[in-house]
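Given next are the chains, with one letter for each unit.
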Amino acid sequence: MSLDHLFSPTQLGDLNLPNRLVMAPLTRQRSLPGNVPGELNALYYAQRANAGLIISEASQVCPQGQGYAWTPGIHSAEQVAGWRQVTQAVHEAGGRVFLQLWHVGRISHPLLQPGGADPVAPSAIQANAECYVVEADGSHHKAATAKPRALELHELPGIVAAYAQGTANAIQAGFDGVEVHAANGYLLDQFLCSNSNQRSDAYGGSVENRARLVLQVVDAVVATVGDSRKVGIRISPMGTFGDVHDANPLETFSYLVEQLNSRQLGYLHVNRPDWLGGTFEGYDALLRKLRQLYQGTLIIAGGQTAESGEQAIAEGLADLVGYGRPYIANPDLAARFQAGAELNPLNPATLYGGGAEGYTDYPALG
Ligand SMILES: Cc1cc2nc3c(=O)[nH]c(=O)nc-3n(C[C@H](O)[C@H](O)[C@H](O)COP(=O)(O)O)c2cc1C
(Lines give C-alpha, C1' and ligand atoms only; values in the text may rest on other atoms or scores of the structure.)
Protein backbone atom coordinates (compact mmCIF):
# COMPACT_ATOMS: atom_id res chain seq x y z
CA MET A 1 0.00 0.00 0.00
CA SER A 2 1.35 3.43 -0.86
CA LEU A 3 1.77 5.77 2.08
CA ASP A 4 1.79 8.96 0.01
CA HIS A 5 -0.62 10.82 2.26
CA LEU A 6 1.13 9.85 5.51
CA PHE A 7 4.45 10.96 4.05
CA SER A 8 3.34 14.19 2.43
CA PRO A 9 4.73 17.33 4.08
CA THR A 10 2.46 19.88 5.70
CA GLN A 11 2.53 23.12 7.69
CA LEU A 12 1.68 23.59 11.34
CA GLY A 13 1.72 27.33 11.86
CA ASP A 14 5.23 28.32 10.81
CA LEU A 15 6.59 24.80 11.23
CA ASN A 16 7.28 22.63 8.19
CA LEU A 17 6.44 19.03 9.01
CA PRO A 18 8.15 16.53 6.68
CA ASN A 19 5.45 13.91 7.29
CA ARG A 20 2.09 13.42 9.05
CA LEU A 21 3.37 11.18 11.83
CA VAL A 22 2.93 12.47 15.37
CA MET A 23 4.66 10.88 18.34
CA ALA A 24 1.79 10.82 20.85
CA PRO A 25 2.39 12.02 24.42
CA LEU A 26 3.74 9.12 26.50
CA THR A 27 4.31 9.16 30.26
CA ARG A 28 7.47 7.15 30.99
CA GLN A 29 8.29 8.19 34.59
CA ARG A 30 12.00 8.61 34.05
CA SER A 31 12.75 12.08 35.39
CA LEU A 32 15.62 12.92 37.73
CA PRO A 33 15.07 14.06 41.34
CA GLY A 34 13.01 17.24 41.40
CA ASN A 35 11.04 15.83 38.44
CA VAL A 36 13.71 17.24 36.14
CA PRO A 37 14.30 15.85 32.62
CA GLY A 38 17.89 14.90 31.84
CA GLU A 39 20.26 13.57 29.21
CA LEU A 40 18.57 10.17 28.96
CA ASN A 41 15.26 11.83 28.14
CA ALA A 42 17.00 14.06 25.58
CA LEU A 43 18.44 10.98 23.85
CA TYR A 44 15.04 9.22 23.84
CA TYR A 45 13.26 12.14 22.20
CA ALA A 46 16.09 12.84 19.73
CA GLN A 47 15.95 9.20 18.59
CA ARG A 48 12.31 9.84 17.61
CA ALA A 49 12.86 13.17 15.79
CA ASN A 50 11.77 11.49 12.53
CA ALA A 51 8.15 12.21 13.50
CA GLY A 52 6.58 15.22 11.82
CA LEU A 53 5.79 16.38 15.34
CA ILE A 54 6.71 15.04 18.79
CA ILE A 55 4.36 15.75 21.68
CA SER A 56 6.16 15.36 24.99
CA GLU A 57 4.96 13.22 27.84
CA ALA A 58 2.46 14.99 30.08
CA SER A 59 4.25 17.46 32.37
CA GLN A 60 2.69 18.88 35.52
CA VAL A 61 2.25 22.66 35.50
CA CYS A 62 2.49 22.86 39.31
CA PRO A 63 3.38 20.47 42.15
CA GLN A 64 -0.33 19.93 42.87
CA GLY A 65 -0.76 18.70 39.29
CA GLN A 66 1.31 15.53 39.83
CA GLY A 67 -0.23 12.06 40.10
CA TYR A 68 2.62 9.65 39.46
CA ALA A 69 6.20 9.42 40.70
CA TRP A 70 9.03 10.73 38.49
CA THR A 71 6.88 12.52 35.91
CA PRO A 72 8.53 15.72 34.68
CA GLY A 73 7.32 19.15 35.70
CA ILE A 74 7.38 22.49 33.89
CA HIS A 75 7.19 24.74 36.94
CA SER A 76 10.78 25.06 38.29
CA ALA A 77 13.94 26.63 36.85
CA GLU A 78 15.70 23.25 37.05
CA GLN A 79 12.93 21.63 35.02
CA VAL A 80 13.14 24.36 32.38
CA ALA A 81 16.90 23.81 32.14
CA GLY A 82 16.36 20.04 31.90
CA TRP A 83 13.76 20.42 29.17
CA ARG A 84 16.10 22.74 27.27
CA GLN A 85 18.48 19.77 26.81
CA VAL A 86 15.56 17.85 25.32
CA THR A 87 14.42 20.56 22.89
CA GLN A 88 18.00 21.22 21.77
CA ALA A 89 18.61 17.52 21.12
CA VAL A 90 15.36 17.18 19.15
CA HIS A 91 16.07 20.31 17.09
CA GLU A 92 19.64 19.19 16.39
CA ALA A 93 18.22 15.88 15.15
CA GLY A 94 15.93 17.82 12.78
CA GLY A 95 12.68 17.43 14.77
CA ARG A 96 9.91 19.58 16.23
CA VAL A 97 8.45 19.19 19.70
CA PHE A 98 5.47 20.48 21.70
CA LEU A 99 5.13 20.08 25.48
CA GLN A 100 1.96 18.57 26.94
CA LEU A 101 0.63 20.68 29.86
CA TRP A 102 -0.82 18.55 32.68
CA HIS A 103 -2.76 18.81 35.89
CA VAL A 104 -3.97 15.41 37.12
CA GLY A 105 -6.68 16.76 39.45
CA ARG A 106 -8.05 13.88 41.52
CA ILE A 107 -5.76 11.19 40.02
CA SER A 108 -3.31 11.65 42.88
CA HIS A 109 -2.57 10.95 46.52
CA PRO A 110 -1.37 12.98 49.55
CA LEU A 111 2.05 11.29 49.18
CA LEU A 112 2.46 13.18 45.90
CA GLN A 113 0.90 16.46 47.02
CA PRO A 114 2.63 19.52 48.53
CA GLY A 115 2.35 19.33 52.32
CA GLY A 116 0.59 15.94 52.12
CA ALA A 117 -2.65 17.69 51.18
CA ASP A 118 -5.59 16.01 49.52
CA PRO A 119 -5.65 16.21 45.73
CA VAL A 120 -8.10 18.64 44.13
CA ALA A 121 -10.95 18.11 41.69
CA PRO A 122 -14.11 19.80 40.42
CA SER A 123 -16.07 17.86 43.05
CA ALA A 124 -15.15 15.74 46.09
CA ILE A 125 -15.69 12.46 44.23
CA GLN A 126 -13.04 9.78 44.49
CA ALA A 127 -11.98 8.10 41.25
CA ASN A 128 -11.88 4.34 41.01
CA ALA A 129 -8.38 4.57 39.54
CA GLU A 130 -4.73 4.25 40.43
CA CYS A 131 -1.81 6.62 40.78
CA TYR A 132 1.83 5.83 41.62
CA VAL A 133 3.40 6.94 44.89
CA VAL A 134 6.79 7.03 46.60
CA GLU A 135 6.76 6.44 50.35
CA ALA A 136 8.94 8.39 52.82
CA ASP A 137 11.32 5.40 53.00
CA GLY A 138 11.80 5.52 49.22
CA SER A 139 9.70 2.45 48.43
CA HIS A 140 7.24 2.97 45.58
CA HIS A 141 4.08 1.32 44.37
CA LYS A 142 0.71 1.80 42.72
CA ALA A 143 -1.96 3.21 45.04
CA ALA A 144 -5.67 3.86 44.89
CA THR A 145 -6.31 7.54 44.24
CA ALA A 146 -7.36 9.50 47.32
CA LYS A 147 -10.66 11.26 47.87
CA PRO A 148 -10.13 14.78 46.52
CA ARG A 149 -11.46 18.04 47.86
CA ALA A 150 -13.51 20.26 45.57
CA LEU A 151 -11.69 23.33 44.29
CA GLU A 152 -13.12 26.58 45.63
CA LEU A 153 -14.30 29.07 43.05
CA HIS A 154 -11.60 31.54 44.10
CA GLU A 155 -8.88 28.92 43.38
CA LEU A 156 -9.73 28.50 39.70
CA PRO A 157 -7.87 31.60 38.48
CA GLY A 158 -4.78 30.10 40.13
CA ILE A 159 -5.23 26.89 38.13
CA VAL A 160 -5.50 28.90 34.90
CA ALA A 161 -2.43 30.91 35.92
CA ALA A 162 -0.45 27.68 36.50
CA TYR A 163 -1.16 26.61 32.89
CA ALA A 164 -0.08 30.05 31.67
CA GLN A 165 3.14 29.88 33.69
CA GLY A 166 3.83 26.34 32.45
CA THR A 167 3.37 27.65 28.92
CA ALA A 168 5.79 30.53 29.45
CA ASN A 169 8.29 28.06 30.91
CA ALA A 170 7.86 25.66 27.98
CA ILE A 171 8.53 28.41 25.46
CA GLN A 172 11.56 29.47 27.50
CA ALA A 173 12.75 25.85 27.41
CA GLY A 174 12.70 25.96 23.60
CA PHE A 175 9.51 24.05 22.79
CA ASP A 176 7.87 24.82 19.44
CA GLY A 177 4.46 24.94 21.09
CA VAL A 178 2.29 23.36 23.78
CA GLU A 179 -0.61 20.92 23.96
CA VAL A 180 -3.31 21.40 26.58
CA HIS A 181 -4.06 17.97 28.06
CA ALA A 182 -7.84 17.87 28.35
CA ALA A 183 -8.04 14.09 27.88
CA ASN A 184 -7.83 10.79 29.76
CA GLY A 185 -9.65 11.65 32.97
CA TYR A 186 -7.29 14.34 34.30
CA LEU A 187 -8.32 17.71 35.73
CA LEU A 188 -9.74 19.40 32.63
CA ASP A 189 -11.52 16.22 31.54
CA GLN A 190 -12.89 15.90 35.11
CA PHE A 191 -14.46 19.34 34.65
CA LEU A 192 -15.83 18.41 31.20
CA CYS A 193 -17.42 15.09 32.16
CA SER A 194 -20.73 14.93 33.99
CA ASN A 195 -19.92 12.13 36.48
CA SER A 196 -16.83 13.88 37.90
CA ASN A 197 -18.24 17.41 37.87
CA GLN A 198 -21.24 17.99 40.10
CA ARG A 199 -20.58 21.66 40.81
CA SER A 200 -23.49 24.03 41.14
CA ASP A 201 -21.54 27.22 40.25
CA ALA A 202 -20.53 28.64 36.87
CA TYR A 203 -18.15 25.67 36.30
CA GLY A 204 -20.66 22.82 36.60
CA GLY A 205 -24.04 21.69 35.34
CA SER A 206 -24.61 22.83 31.74
CA VAL A 207 -22.11 21.94 29.05
CA GLU A 208 -21.24 25.65 28.76
CA ASN A 209 -20.29 25.62 32.44
CA ARG A 210 -18.38 22.32 32.35
CA ALA A 211 -16.34 23.56 29.37
CA ARG A 212 -15.62 26.95 30.95
CA LEU A 213 -12.35 26.03 32.70
CA VAL A 214 -10.78 24.29 29.71
CA LEU A 215 -11.64 27.24 27.46
CA GLN A 216 -10.23 29.70 29.99
CA VAL A 217 -7.06 27.61 30.11
CA VAL A 218 -6.84 27.55 26.31
CA ASP A 219 -7.31 31.32 26.13
CA ALA A 220 -4.65 31.95 28.80
CA VAL A 221 -2.22 29.58 27.08
CA VAL A 222 -2.79 31.25 23.69
CA ALA A 223 -2.35 34.71 25.22
CA THR A 224 0.92 33.57 26.81
CA VAL A 225 2.36 32.10 23.62
CA GLY A 226 1.08 34.98 21.49
CA ASP A 227 0.42 32.67 18.52
CA SER A 228 -2.64 30.40 18.64
CA ARG A 229 -1.12 28.08 16.02
CA LYS A 230 1.53 27.03 18.54
CA VAL A 231 -1.20 25.67 20.80
CA GLY A 232 -2.95 22.32 20.44
CA ILE A 233 -5.47 20.56 22.64
CA ARG A 234 -6.04 16.87 23.35
CA ILE A 235 -9.43 15.37 24.18
CA SER A 236 -10.72 11.80 24.59
CA PRO A 237 -14.48 11.80 24.00
CA MET A 238 -16.16 8.69 25.43
CA GLY A 239 -12.97 7.85 27.31
CA THR A 240 -13.34 6.12 30.67
CA PHE A 241 -9.69 6.15 31.78
CA GLY A 242 -9.53 7.77 35.23
CA ASP A 243 -13.13 6.76 35.92
CA VAL A 244 -14.69 9.65 34.00
CA HIS A 245 -17.94 9.28 32.14
CA ASP A 246 -19.98 11.85 30.32
CA ALA A 247 -23.71 11.36 30.01
CA ASN A 248 -23.82 12.95 26.54
CA PRO A 249 -20.40 12.98 24.87
CA LEU A 250 -21.82 14.07 21.53
CA GLU A 251 -23.30 17.22 23.05
CA THR A 252 -20.34 17.94 25.34
CA PHE A 253 -17.60 17.52 22.79
CA SER A 254 -19.53 19.10 19.90
CA TYR A 255 -19.96 22.21 22.02
CA LEU A 256 -16.28 22.25 22.98
CA VAL A 257 -15.12 21.78 19.39
CA GLU A 258 -17.39 24.56 18.14
CA GLN A 259 -15.96 26.87 20.77
CA LEU A 260 -12.43 25.87 19.75
CA ASN A 261 -13.06 26.83 16.11
CA SER A 262 -12.93 30.54 16.93
CA ARG A 263 -9.59 30.07 18.75
CA GLN A 264 -7.81 28.97 15.53
CA LEU A 265 -5.45 26.62 17.33
CA GLY A 266 -2.61 24.69 15.73
CA TYR A 267 -4.59 21.49 16.08
CA LEU A 268 -7.21 19.41 17.83
CA HIS A 269 -5.94 15.98 18.93
CA VAL A 270 -8.55 13.28 19.54
CA ASN A 271 -7.56 10.12 21.38
CA ARG A 272 -9.59 6.93 20.94
CA PRO A 273 -11.21 5.72 24.15
CA ASP A 274 -10.40 2.06 23.63
CA TRP A 275 -6.61 2.07 23.66
CA LEU A 276 -6.62 0.00 26.85
CA GLY A 277 -9.12 -2.48 25.43
CA GLY A 278 -12.90 -2.46 25.44
CA THR A 279 -15.31 -1.34 22.80
CA PHE A 280 -17.07 1.98 22.52
CA GLU A 281 -20.11 1.75 20.34
CA GLY A 282 -20.77 4.96 18.48
CA TYR A 283 -17.24 6.31 18.76
CA ASP A 284 -16.54 6.30 15.02
CA ALA A 285 -19.73 8.24 14.34
CA LEU A 286 -18.80 10.72 17.06
CA LEU A 287 -15.33 11.19 15.60
CA ARG A 288 -16.80 11.81 12.15
CA LYS A 289 -19.15 14.39 13.61
CA LEU A 290 -16.25 16.18 15.34
CA ARG A 291 -14.30 16.10 12.09
CA GLN A 292 -17.23 17.80 10.34
CA LEU A 293 -17.50 20.43 13.06
CA TYR A 294 -13.83 21.22 13.47
CA GLN A 295 -12.42 23.66 10.95
CA GLY A 296 -8.71 23.24 11.71
CA THR A 297 -6.00 20.58 11.70
CA LEU A 298 -7.12 17.30 13.28
CA ILE A 299 -4.84 14.64 14.78
CA ILE A 300 -6.31 11.24 15.56
CA ALA A 301 -4.55 8.69 17.78
CA GLY A 302 -5.15 5.28 19.25
CA GLY A 303 -4.51 1.89 17.68
CA GLN A 304 -3.37 3.37 14.37
CA THR A 305 -1.21 1.48 11.88
CA ALA A 306 0.60 2.83 8.82
CA GLU A 307 -2.31 1.66 6.68
CA SER A 308 -5.11 3.02 8.86
CA GLY A 309 -3.30 6.35 9.20
CA GLU A 310 -2.82 6.58 5.44
CA GLN A 311 -6.47 5.83 4.86
CA ALA A 312 -7.67 8.33 7.46
CA ILE A 313 -5.72 11.13 5.82
CA ALA A 314 -6.72 10.03 2.31
CA GLU A 315 -10.41 10.14 3.17
CA GLY A 316 -10.14 13.44 5.03
CA LEU A 317 -10.89 12.05 8.50
CA ALA A 318 -7.54 13.29 9.86
CA ASP A 319 -4.69 15.57 8.86
CA LEU A 320 -2.07 14.01 11.11
CA VAL A 321 -1.91 10.64 12.87
CA GLY A 322 -0.61 10.01 16.38
CA TYR A 323 1.32 6.86 17.29
CA GLY A 324 1.97 6.02 20.93
CA ARG A 325 3.11 2.47 21.64
CA PRO A 326 4.61 2.06 18.14
CA TYR A 327 6.92 5.03 18.86
CA ILE A 328 7.94 3.58 22.23
CA ALA A 329 9.23 0.39 20.62
CA ASN A 330 10.38 1.84 17.28
CA PRO A 331 12.56 4.94 17.48
CA ASP A 332 12.77 4.92 13.67
CA LEU A 333 9.05 4.41 13.10
CA ALA A 334 8.93 6.64 9.99
CA ALA A 335 11.71 4.68 8.27
CA ARG A 336 10.09 1.37 9.19
CA PHE A 337 6.75 2.45 7.78
CA GLN A 338 8.38 3.63 4.57
CA ALA A 339 10.36 0.40 4.22
CA GLY A 340 7.35 -1.74 5.07
CA ALA A 341 9.59 -3.25 7.76
CA GLU A 342 8.45 -5.22 10.77
CA LEU A 343 7.94 -3.36 14.01
CA ASN A 344 9.77 -4.19 17.24
CA PRO A 345 7.52 -5.74 19.89
CA LEU A 346 6.71 -3.56 22.89
CA ASN A 347 8.02 -4.62 26.31
CA PRO A 348 5.15 -3.80 28.72
CA ALA A 349 7.43 -4.33 31.76
CA THR A 350 9.56 -1.26 30.98
CA LEU A 351 6.85 1.26 30.12
CA TYR A 352 6.95 3.17 33.40
CA GLY A 353 10.00 4.06 35.45
CA GLY A 354 13.54 2.70 35.29
CA GLY A 355 16.41 3.74 33.06
CA ALA A 356 17.64 3.13 29.54
CA GLU A 357 16.26 -0.41 29.27
CA GLY A 358 13.06 -0.40 27.25
CA TYR A 359 13.53 3.33 26.73
CA THR A 360 16.53 4.24 24.59
CA ASP A 361 17.69 0.71 23.67
CA TYR A 362 14.98 -0.35 21.20
CA PRO A 363 16.92 -1.06 18.00
CA ALA A 364 16.61 0.94 14.80
CA LEU A 365 16.76 -0.74 11.39
CA GLY A 366 20.20 -1.58 10.04
C1 LIG B 1 2.89 4.16 28.43
C2 LIG B 1 1.82 5.14 28.01
C3 LIG B 1 1.86 6.43 28.50
C4 LIG B 1 0.91 7.39 28.08
N5 LIG B 1 1.02 8.68 28.52
C6 LIG B 1 0.18 9.63 28.02
C7 LIG B 1 0.38 11.01 28.37
O8 LIG B 1 1.30 11.40 29.10
N9 LIG B 1 -0.51 11.89 27.85
C10 LIG B 1 -1.54 11.53 27.02
O11 LIG B 1 -2.32 12.37 26.57
N12 LIG B 1 -1.71 10.23 26.66
C13 LIG B 1 -0.87 9.29 27.12
N14 LIG B 1 -1.01 7.98 26.69
C15 LIG B 1 -1.93 7.67 25.58
C16 LIG B 1 -1.16 7.71 24.26
O17 LIG B 1 -0.78 9.03 23.93
C18 LIG B 1 -1.99 7.15 23.08
O19 LIG B 1 -3.10 7.96 22.88
C20 LIG B 1 -2.41 5.71 23.32
O21 LIG B 1 -1.29 4.92 23.67
C22 LIG B 1 -3.08 5.12 22.08
O23 LIG B 1 -2.22 5.17 20.97
P24 LIG B 1 -1.40 3.85 20.48
O25 LIG B 1 -2.42 2.79 20.22
O26 LIG B 1 -0.71 4.33 19.23
O27 LIG B 1 -0.45 3.48 21.56
C28 LIG B 1 -0.10 7.01 27.15
C29 LIG B 1 -0.14 5.70 26.69
C30 LIG B 1 0.81 4.76 27.10
C31 LIG B 1 0.77 3.37 26.52
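For clarity, every value in this text was computed on a predicted model and none was experimentally measured.

Draft legend 1. Region of interest: the UniProt feature "domain: NADH:flavin oxidoreductase/NADH oxidase N-terminal" (unreviewed entry) in the chain. Using the residue numbers shown here, the UniProt feature "domain: NADH:flavin oxidoreductase/NADH oxidase N-terminal" (unreviewed entry) corresponds to residues 6-344. Helix makes up 33% of residues 6-344 and strand 18%, and the two end C-alpha atoms of the span are 20 Å apart.

Draft legend 2. Up close: the layout of surface pockets. Considered as a void within the structure, the largest pocket measures approximately 1100 Å³ in volume. Forming the boundary of the largest pocket are 45 residues, of which Leu26, Phe241, Trp275, Leu276 and Tyr352 lie nearest the centre. Every element with two or more residues in the lining of the largest pocket is listed here: β5 (97-102), β7 (130-134), β14 (320-323) and α10 (325-329). By volume, the second largest pocket is sized at about 240 Å³.

Draft legend 3. Examining the site of the ligand more closely. Neighbouring the ligand are 18 residues, the closest being Pro25, Thr27, Asn271, Gly303 and Arg325. Between the ligand and asparagine 184 there is a distance of 3.2 Å, counted from a nitrogen atom to a side-chain nitrogen or oxygen. Protein chains shield 95% of the accessible area of the ligand, which is 600 Å² for the free molecule. Assessed atom by atom at 2 Å from the grid points, the ligand resides in the largest pocket.

Draft legend 4. Summary view of the nonpolar core. Core analysis: the biggest nonpolar cluster contains 89 residues, and Leu6, Ile233 and Ile235 have the highest contact counts within it. In terms of residues, this core owes the most to one element, helix α6 (residues 212-225), which gives nine residues. Discounting residues that sit within four places of it in the chain, leucine 6 has contacts with Asn19, Arg20, Leu21, Ala306, Gly309, Glu310, Ile313, Val321, Tyr323 and Phe337. One finds Leu17, Tyr267, Ile299 and Leu320 within the second-largest nonpolar core, a separate group that totals ten residues.

Draft legend 5. Fine view of helix α7 (residues 249-261). Across its 13 residues, α7 extends 18 Å between first and last C-alpha, which sits within 8% of the 18 Å expected from 1.5 Å per residue. All buried positions along α7 are accounted for by Pro249, Thr252, Phe253, Ser254, Tyr255, Leu256, Val257, Leu260 and Asn261. Elements in contact with the buried residues of α7: α4 (187-192), α5 (207-210), α6, β11 (231-235), β12 (267-271) and α8 (283-293).

Draft legend 6. Summary view of the sheet that holds β5. Strand order in the closed barrel formed by eight strands is β3-β4-β5-β10-β11-β12-β13-β14, and the pairing between neighbours is parallel. Along the sheet, successive strands turn relative to each other by an average axial angle of 25°, direction set aside.

Draft legend 7. Fine view of unusual backbone geometry. Although it is not a glycine, asparagine 184 sits at a positive phi angle of roughly 60°. Its place among the elements puts asparagine 184 in the loop between β10 (177-181) and α4. Judged by relative accessible area, asparagine 184 falls into the buried class, the value being 8%. Unlike most non-glycine residues, methionine 238 shows phi in positive territory, near 70°.

Draft legend 8. Up close: α8. Of all the residues in α8, the buried ones are Tyr283, Leu286, Leu287, Leu290, Arg291 and Leu293. Seen from one end, α8 has its buried residues packed into an arc of 165°, which puts them on one side. Exposed and oriented more than 90 degrees from the buried face of α8 are Ala285 and Gln292. Close packing links the buried residues of α8 with β11, α7, β12 and β13 (298-301).

Quick notes on the rules
Residues numbered from 1 in each chain as written. Predicted model: local features only at pLDDT ≥ 70, side-chain atom pairs only at ≥ 80, totals over all residues. Heavy atoms only, no water. UniProt positions renumbered as here; feature names shortened; annotations may be inferred. Helix = DSSP H or I, 4+ residues; strand = E, 2+ residues; numbered from the N terminus. 1 Å grid on protein atoms, 1.4 Å probe; cavity = no way out; pocket = protein on both sides within 12 Å on 5 of 7 lines; lining within 4 Å. Points joined across faces, edges and corners; volume = space filled by probe spheres on them. Near = heavy atom within 4 Å. Polar contact = N/O pair within 3.5 Å; in protein donor to acceptor, adjacent residues only side chain to side chain. Areas by Shrake-Rupley, 256 points an atom, 1.4 Å probe, with all protein chains shown as cover. Sits in = over half its atoms within 2 Å of the grid points. Core = buried A, V, L, I, M, F, W, Y, C linked by side-chain atoms within 4.5 Å. Buried < 20%, exposed > 50% of the residue type's maximum accessible area, 1.4 Å probe, protein only. Contact = heavy atoms within 4.5 Å. Expected span 1.5 Å × (residues − 1). Pairing = 2+ DSSP bridges. Axes fitted to C-alpha atoms, helices over the stretch in contact; angles between N-to-C directions. Arc of directions from axis to C-beta.

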